[in-house]
Amino acid sequence: MGELDGRVALVTGTARYRGLGRAIALELAREGADLVVSARKTTLLPEEEKMGWKGNPSLVEEIERMGRKAIAVECDVTNKDEVVAMIEETKSTFGRLDMIVNNAGVASDAGATPIFDTSEELWQNTMDINVFGTFLVSKYGGRYMLECGNGGSIIMISSTAGRVGLPNYGAYCASKFAVVGFTQQLAVELAQKGIRVNCIAPGSHTTDMMDGTIGRTAKVYGKDDDFVVSSIKSSIPMGRQGDPTELANAVVFLCTDKASYMTGQTINVDGGARME
């Protein structure tokens, strides 16, 4: 018996094999949840193609092999109609929704773009995906959760870059700070309606998104990627990057009844890089 038997979770941004979204979905399934996994149309990376990874269809197969039910929905979280359609598909397939994990996000040019060099287009795109997309999924998914009447949990994924300002992180810091604020605001609104709202702030994890940030940072400072990785590790008390599953376990905890008296909180999962 799992902690989440009989419950249904929606996780956005799940298409990457080395992504946080896939790890979160798998750990929720391991605890007994059925899954709706979603991502916008994604071009596979060469290494993903080589290994035969097909994005969300492959993730659905992984979840089904664990004995859980899953569907994949193509959805751009910045598109209201697509978000509404995703919730309707969740409703028609499972008849309930208990958990939402707002994982879809974009690093934009994190690590490489000072504010004065940030284009209006880059700023708007970052805010659209990281903030507006989180709002849309929370709004329409949350409405359905209230309709179901089972309570539940909404999890936001921010970043430690949403806890402290960082040079060259341009729009990314601002968008992730906004996610933390939105978490607190929504938690207050839903606290007496049985839905808890919490946030995870990941530090450096071994994902494709983080690899991109490392590469951009290396270019800015005229160093190679290994130098940047070494610098990151030396700044972390635990001396290493996190594995996506380690972050996923924190998400699972917040979704279970073990976190029944927690709402409006942001938890750093970062090896001790930030202690607050």
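Values in this document were obtained by computation on a predicted structure and should not be read as measured data.

Q: Just to check I follow, could you spell out the packing of aromatic side chains for this structure?
A: Note on aromatic pairs: each is described by the distance of the centres and the angle between the planes. Scanning the entire structure with this criterion turns up 3 aromatic pairs. Look at Tyr 17 and Trp 53: their rings are 5.2 Å apart centre to centre, the planes differ by 75°, and that puts the pair in the edge-to-face class. Of this pair, Tyr 17 sits in the loop between strand E1 (8-12) and helix H1 (20-30) while Trp 53 sits in the loop between helix H2 (46-51) and helix H3 (56-65), placing them 36 residues apart in sequence. Judged by relative accessible area, Tyr 17 falls into the partly exposed class, the value being 29%.

Q: I tried to follow helix H7 (residues 208-221) on my own but got confused; where do I start?
A: For the α-helix, the turn length of 3.6 residues means that residues three or four positions removed from each other point alike. With 14 residues, H7 should reach 20 Å at 1.5 Å per residue; the first-to-last C-alpha distance of 20 Å fits that figure. Residues of H7 that are buried sit in contact with H2 and helix H8 (225-234). A positive phi of about 65° marks Gly 222, the residue just after H7.

Q: Before we go on, may I ask you to explain the side chain of Thr 118 in this structure?
A: Among the structural elements, Thr 118 can be located in the loop between strand E4 (99-102) and helix H5 (120-148). According to the relative accessible area criterion, Thr 118 is buried, its value standing at 14%. Setting aside residues up to four positions removed in sequence, Thr 118 forms contacts with Thr 113, Trp 123 and Gly 170.

Q: Hey, could you run me through the state of the cysteines in this one?
A: If you walk through the whole model with that rule in mind, you get 0 disulfides. Of the cysteine sulfurs around Cys 148, a residue in no disulfide, the closest is that of Cys 255, at 15 Å. A relative accessible area of 21% places Cys 148 in the partly exposed class. In this structure Cys 255 is a free cysteine whose sulfur lies 13 Å from that of Cys 199, the closest cysteine sulfur available. Judged by its relative accessible area of 2%, Cys 255 falls in the buried class.

Q: Would you explain the sheet that holds E1 in this entry?
A: Backbone-to-backbone hydrogen bonds join strands into a sheet, with any given pair of strands oriented parallel or antiparallel. Read across the sheet, 7 strands follow the order E3-E2-E1-E4-E5-E6-E7 without closing on themselves; strand pairing throughout is parallel. Bordering the open sheet on either side are strand E3 (70-74) and strand E7 (266-269), each of which pairs with just one other strand. With strand direction ignored, the average angle separating the axes of adjacent strands in the sheet is 20°. Sheet analysis places strand E6 (residues 195-202) next to E7, joined by 4 bridges and oriented parallel. If you follow Cys 199 over to E7, its bridge partner there is Thr 266.

Parameters at a glance
Residues numbered from 1 in each chain as written. Predicted model: local features only at pLDDT ≥ 70, side-chain atom pairs only at ≥ 80, totals over all residues. Heavy atoms only, no water. Phe/Tyr/Trp six-rings, centres within 6.5 Å; stacked < 30°, edge-to-face > 60°. Helix = DSSP H or I, 4+ residues; strand = E, 2+ residues; numbered from the N terminus. Buried < 20%, exposed > 50% of the residue type's maximum accessible area, 1.4 Å probe, protein only. Expected span 1.5 Å × (residues − 1). Contact = heavy atoms within 4.5 Å. Disulfide = S-S within 2.5 Å. Pairing = 2+ DSSP bridges. Axes fitted to C-alpha atoms, helices over the stretch in contact; angles between N-to-C directions.

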